[in-house]
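Listed below, chain by chain, are the residues.
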Amino acid sequence: RAGYNLPAIKAMLTLDFEDNVLTTFSVLQEEGTFVQPNTLEQKNYPKKFLNLNRRWRLHRPTFVALLKYTHLINQGYVSLAPSDDGGSGDWEGAWATIVTMHQDFPWIVSAVWDMKEELINTPPMYLDTEDLVTNRAMIEPGNNINHYYENTYFSLISETNYYTVHPGYERSQFLSEKAFKGIAYKHPFILLSTPGTLNCLTKIGYQTFDGLIDETYDTIENDGDRFKAILNETQRLCDLKETKLNKWLNQAKEVCDYNYNVLVNKKIFQHKLNYE
């Protein structure tokens, strides 16, 4: 529009997913069909993290493969099974795509080559449901999922966008229901997303876990290096023991309670971007 001597079109960001999570959450609470999980208790944790995946966006099977390669997958509850987008559930096809699309990151290609047979023969990984076709972009009734939140102390949230390097992949920051579910369930998280996404959360009023989680991963433009940083921090968090873990749980609970209160008291879901 500048070429026509016209002012820029004014833009407004509408956070539909935040609004939708809060709306369904409030309705379920009023109906009495939502049971809030008891998260971050001082106890022995059989697993350390939760990683829920439905659609096989490239970064999700890639990250699950890297969790297997580093043996971190044994420390968490992970879902990844046939979904509704094309050939989802076909590890042979996913393996070939991971190799093809990560030529800029030889360590990833090397890792999945080393595990080719293991990955191709990976069975479906189900947790709370075997229905991974239905879009689950909302809080749902019942407490089938609570077990996984109560028996882990952080989530690895695989957001919709991740890559910055591949043409055809959206590199914009995008907050779906996944981050807001983590807030509603009072669960600390690492976001597998494009750099700067945590900054977007702070701009709309939430706190992140800076100081408890090394969040420098959110500043890393290189997609491969960001994977490495997230894996390293996942390992560090899994290794927390006794006194250090108890202190971490107490401090993380304060952030989770704060964010929960921000969410349940939200009234505004539209944000002006370039208004004077």
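Residues numbered from 1 in each chain as written. Predicted model: local features only at pLDDT ≥ 70, side-chain atom pairs only at ≥ 80, totals over all residues. Heavy atoms only, no water.

Draft legend 1. Broad picture of the overall build of the protein chain. The helix and strand tally for the protein chain stands at 10 helices and 6 strands. Taken over the C-alpha trace, the protein chain has a radius of gyration of 19 Å; the compact-globule value for 276 residues is 19 Å, and the two agree within 12%. Taken over the C-alpha atoms alone, the protein chain extends approximately 55 × 55 × 35 Å along its principal axes. Put simply, the protein chain has 276 residues, and 50% of those count as buried. Of the roughly 13,500 Å² of accessible surface on the protein chain, a fraction of 49% belongs to carbon and sulfur atoms. The positive charge centre, built from 27 side chains, and the negative charge centre, built from 35, are 4 Å apart in the protein chain. (Helix = DSSP H or I, 4+ residues; strand = E, 2+ residues; numbered from the N terminus. Rg over C-alpha atoms; globule rule 2.2 N^0.38 Å. Buried < 20%, exposed > 50% of the residue type's maximum accessible area, 1.4 Å probe, protein only. Areas by Shrake-Rupley, 256 points an atom, 1.4 Å probe, with all protein chains shown as cover. Lys, Arg positive; Asp, Glu negative; His and termini not counted. Charge placed at Lys NZ, Arg CZ, Asp CG, Glu CD.)

Draft legend 2. Region of interest: helix 7 (residues 177–184). A large share of helix 7 lies buried, amounting to 7 of its 8 residues. What helix 7 keeps buried is the set Glu-177, Ala-179, Phe-180, Lys-181, Gly-182, Ile-183 and Ala-184. Structurally, helix 7 contributes buried residues whose contacts are with helix 1 (16–31), strand 4 (154–158), strand 5 (189–192), helix 8 (197–203) and helix 10 (242–264). Within two residues after helix 7, Lys-186 carries a phi angle of roughly 55 degrees, on the positive side. (Contact = heavy atoms within 4.5 Å.)

Draft legend 3. Structural detail: the packing of aromatic side chains. Following the criterion strictly, the structure yields 17 aromatic pairs and no others. Taken together through their ring pairs, the aromatic side chains of Phe-25, Phe-34, Tyr-149, Tyr-185 and Tyr-260 make up a single cluster. Just above the ring of Tyr-260 sits the side chain of Lys-186; from NZ or CZ to the centre is 4.4 Å. Across from the ring centre of Tyr-162, 4.2 Å away, lies the NZ or CZ of Arg-226, which sits over that ring. (Phe/Tyr/Trp six-rings, centres within 6.5 Å; stacked < 30°, edge-to-face > 60°. Lys NZ or Arg CZ within 6 Å of the ring centre and 35° of its normal.)

Draft legend 4. Examining helix 1 more closely. Between its first and last C-alpha, helix 1 extends 22 Å over 16 residues, near the 22 Å set by a 1.5 Å rise per residue. If you check which residues of helix 1 are buried, you get Glu-18, Val-21, Leu-22, Thr-24, Phe-25 and Leu-28. Along its buried surface, helix 1 packs onto helix 7 and helix 10. Once helix 1 ends, the next one or two residues include Gly-32, with phi positive near 80 degrees. (Expected span 1.5 Å × (residues − 1).)

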